Amino acid sequence: GIPMWNYFGAGAYVHKGQTHIDSTEAELRWQMSASIAFGARGLLWFFFTPEVHKIAEDGPAWPGLVRDDGAADHVTEHWYQARRLNSAVLALAPTLMQLRSTAALVLRQSDTKWDDEGHPVLRAAGCALVNISRGDFIVGCFARSKPATGARWTRAVVVANFDHADTQWPTV
């Protein structure tokens, strides 16, 4: 497959009369987690250089990661959020870069078939997930790109909540 990269908007803006709300850190974390679960190979920040207090062609702009308003530090709270979130992903990078996506599943309590013991019936080829607790999740299934000789594992899963506001802790 073709590598997918995803980018995230880290600031509110108005486009063609429609206001797009400012993202919270939880929403940005969810966007990153869901992107990784769906096999993204790159994560980018979109809203780098808005000019605060200036009127854009379509409406006002709000602070993104950096600002151009004469402030000494030129960064906003979103810059610090991005730094925290990027650090978490960077810590996983050595493992993530060894993986290739084999499947992505969306498990919804209302849509997923569950067996008599309360486990989802999974039919995704190449997915190492055998069992997960009931809930609404995005599951990314991965295989090691080049399994090393004597490797202890060759498959992996990444699980994210279906919604950024969920606080479910799945048992896998």
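Residues numbered from 1 in each chain as written. Predicted model: local features only at pLDDT ≥ 70, side-chain atom pairs only at ≥ 80, totals over all residues. Heavy atoms only, no water.

Visitor: Explain the packing of aromatic side chains to me, please; I cannot follow it from the model alone.
Guide: Think of a pair of aromatic rings as described by two things: how far the centres are apart, and how the planes are tilted against each other in angle. Counted according to the given criterion, the structure contains 1 aromatic pair. When the centroid spacing of 5.1 Å and the interplanar angle of 90° are considered together, the rings of Trp-79 and Tyr-80 count as edge-to-face. The aromatic ring of Phe-162 is capped on one face by Arg-108, whose charged end is 3.8 Å from the ring centroid. (Phe/Tyr/Trp six-rings, centres within 6.5 Å; stacked < 30°, edge-to-face > 60°. Lys NZ or Arg CZ within 6 Å of the ring centre and 35° of its normal.)

Visitor: Would you explain a nonpolar patch on the surface in this entry?
Guide: A contiguous nonpolar patch, built from Met-4, Phe-38 and Val-106 and spanning about 250 Å² of accessible area, is present on the exposed surface. Turning to its location among the elements, Phe-38 is positioned in the loop between α1 (25-37) and β4 (42-45). (Patch = residues over 30% accessible without salt bridge, like charges linked within 9 Å, V, L, I, M, F, W, Y side chains within 5 Å. Areas by Shrake-Rupley, 256 points an atom, 1.4 Å probe, with all protein chains shown as cover. Salt bridge = Lys/Arg side-chain N within 4 Å of Asp/Glu carboxyl O. Helix = DSSP H or I, 4+ residues; strand = E, 2+ residues; numbered from the N terminus.)

Visitor: What exactly am I supposed to notice about the environment of Ile-36 here?
Guide: You can see Ile-36 is positioned in helix α1. A sequence separation of 30 residues divides Ile-36 from Asn-6, and the C-alpha atoms of the two residues are 9.2 Å apart. Once residues within four sequence positions are removed from consideration, Ile-36 is found in contact with Leu-43, Val-89, Leu-96, Phe-142 and Val-158. (Contact = heavy atoms within 4.5 Å.)

Visitor: I'm lost on the nonpolar core in this one. Help?
Guide: One recurring pattern in soluble globular proteins: nonpolar side chains tend to sit buried together. By size, the foremost hydrophobic cluster in this structure holds 19 residues, and its most contacted members are Met-32 and Trp-45. Elements supplying a minimum of two residues to this core: α1, α2 (77-96), β6 (137-144) and β7 (155-161). The element that contributes the greatest number of residues to this core is α1, accounting for 5 residues. In this view, Met-32 contacts Phe-8, Leu-43, Trp-45, Leu-85, Asn-86 and Val-89; residues no more than four positions away in its chain are not counted. Grouped together as the second largest cluster of nonpolar side chains are 9 residues, Cys-127, Ile-132, Phe-137 and Cys-141 included. (Core = buried A, V, L, I, M, F, W, Y, C linked by side-chain atoms within 4.5 Å. Buried < 20%, exposed > 50% of the residue type's maximum accessible area, 1.4 Å probe, protein only.)

Visitor: Could you clarify how one ought to interpret the side chain of Ser-35 in this entry?
Guide: Mapping Ser-35 onto the fold places it in helix α1. What Ser-35 contacts, discounting residues up to four positions off in sequence, is Met-4, Asn-6, Phe-8, Ala-40 and Leu-43.

Visitor: So what exactly am I meant to see when it comes to the sheet that holds β6 here?
Guide: Where strands meet in a sheet, backbone hydrogen bonds hold them as pairs that are either parallel or antiparallel. The strand order across the open sheet built from 3 strands is β5-β6-β7, with neighbouring strands paired in antiparallel fashion. What marks the edges here is a single partner per strand, and that holds for β5 (99-107) and β7. The average angle at which neighbouring strand axes cross in this sheet is 20°, direction not considered. Sheet topology places β5 next to β6; 8 bridges connect them, and they run antiparallel. Across the sheet, the residue bridging to Val-106 is Ile-138, located in β6. Across the sheet, α1 lies against β5, β6 and β7, angled at about 45° from β6, the strand it touches most. (Pairing = 2+ DSSP bridges. Axes fitted to C-alpha atoms, helices over the stretch in contact; angles between N-to-C directions.)

Visitor: Hey, could you run me through the pattern of salt bridges in this one?
Guide: Opposite charge on two side chains lets them pair, provided their charged atoms get close. For the coordinates displayed, the defined rule picks out 4 salt bridges. Residue Arg-29 pairs with Glu-25 through a salt bridge whose shortest N-O separation is 3.7 Å. Separated by 4 residues within a single helix, Arg-29 and Glu-25 lie in helix α1, roughly one turn from each other. Under the relative-accessibility criterion, Arg-29 is labelled partly exposed at 42%. On the accessibility criterion, Glu-25 (17% relative accessible area) is buried. Among the salt bridges present, the one from Asp-136 reaches Arg-108, with a minimum N-O distance of 3.7 Å. One end of the pair, Asp-136, is in the loop between β5 and β6; the other, Arg-108, is in the loop between β5 and β6, with 28 residues separating them in the sequence. Exposure remark for Arg-108: the relative accessible area of 26% places this residue in the partly exposed category.

Any link to function would need more than the numbers given here.
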